[in-house]
Amino acid sequence: MLAARIAVALDELRSGWVERARNRPGLVEIPPTEGYDVVVVDLLLLAPDVGPVNDVSFTVGRLARGGGAGAALLVAHSKSLQEPIRATFSAAIAEAMDGLRASGWDGSPGRFVIPGHDPVEGYLSQVEFALDRPL
């Protein structure tokens with residue numbers, strides 16, 4: 001069962017970015033696939049009797065769920081978009097930017113996330129955007 005999805009458009013990934021958080025041992029780099037627009041990471045919740053899953057593009061990790069409830073599998077894959085991601089989310093981006101400016105954002109580089117959900121499938125989603133260029 002798909003529980004959550006994180007999507008980042010390749011044109012949102014920036015070279016020269018310096019991580020300002022604490023050191024993260026075990027970081028898994030997800031290689032983007034040439035010719036696709038978006039890297040997607042899915043969180044799949046698996047039943048206790050499900051063994052290895054072989055039909056995924058790139059396995060990021062497998063975690064045991066508490067109480068013998070099965071496993072959580074993080075997988076990554078690439079997707080193509082119908083239109084540029086900033087066009088798809090233009091209204092949500094404008095609302096987020098207005099909120100950032102109203103909160104005193106100084107224009108420094110960073111990122112923001114637009115959360116959502118799929119009303120048909122029921123999973124949570126978030127799309128990440130870079131704050132290092134004018135919007």
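Let us look at the structure shown here. (Residues numbered from 1 in each chain as written. Predicted model: local features only at pLDDT ≥ 70, side-chain atom pairs only at ≥ 80, totals over all residues. Heavy atoms only, no water.)

### Some thoughts on the environment of W105
Argument step 1. Locating W105 in the fold gives a position in the loop between α2 (90-102) and β5 (111-117).
Argument step 2. The class of W105 is partly exposed, set by a relative accessible area of 27%.
Argument step 3. Those residues in contact with W105 that sit more than four places away from it in its chain are M97, L100 and L131. (Helix = DSSP H or I, 4+ residues; strand = E, 2+ residues; numbered from the N terminus. Buried < 20%, exposed > 50% of the residue type's maximum accessible area, 1.4 Å probe, protein only. Contact = heavy atoms within 4.5 Å.)

### A word on the packing of aromatic side chains
Argument step 1. Under the criterion given, the structure shown has two aromatic pairs.
Argument step 2. Between the aromatic rings of F89 and F129, the centroid separation amounts to 6.1 Å while the plane-to-plane angle is 70°, which identifies the pairing as edge-to-face. Of the two residues, F89 sits in the loop between α1 (85-88) and α2 while F129 sits in strand β6 (residues 124-130), which places them 40 residues apart along the sequence.
Argument step 3. Judged by relative accessible area, F89 falls into the partly exposed class, the value being 25%.
Argument step 4. Overall, F129 belongs to the buried group, its relative accessible area being 1%.
Argument step 5. Note on F112 and F129: the rings are 5.5 Å apart at their centroids and 25° apart in plane angle, and the pair reads as stacked. A residue pair is termed long-range when its members are at least 10 positions apart, and F112 in strand β5 and F129 in strand β6 qualify at 17 residues. Of the two residues, F112 and F129, neither departs from the other in class, the shared state being buried. (Phe/Tyr/Trp six-rings, centres within 6.5 Å; stacked < 30°, edge-to-face > 60°.)

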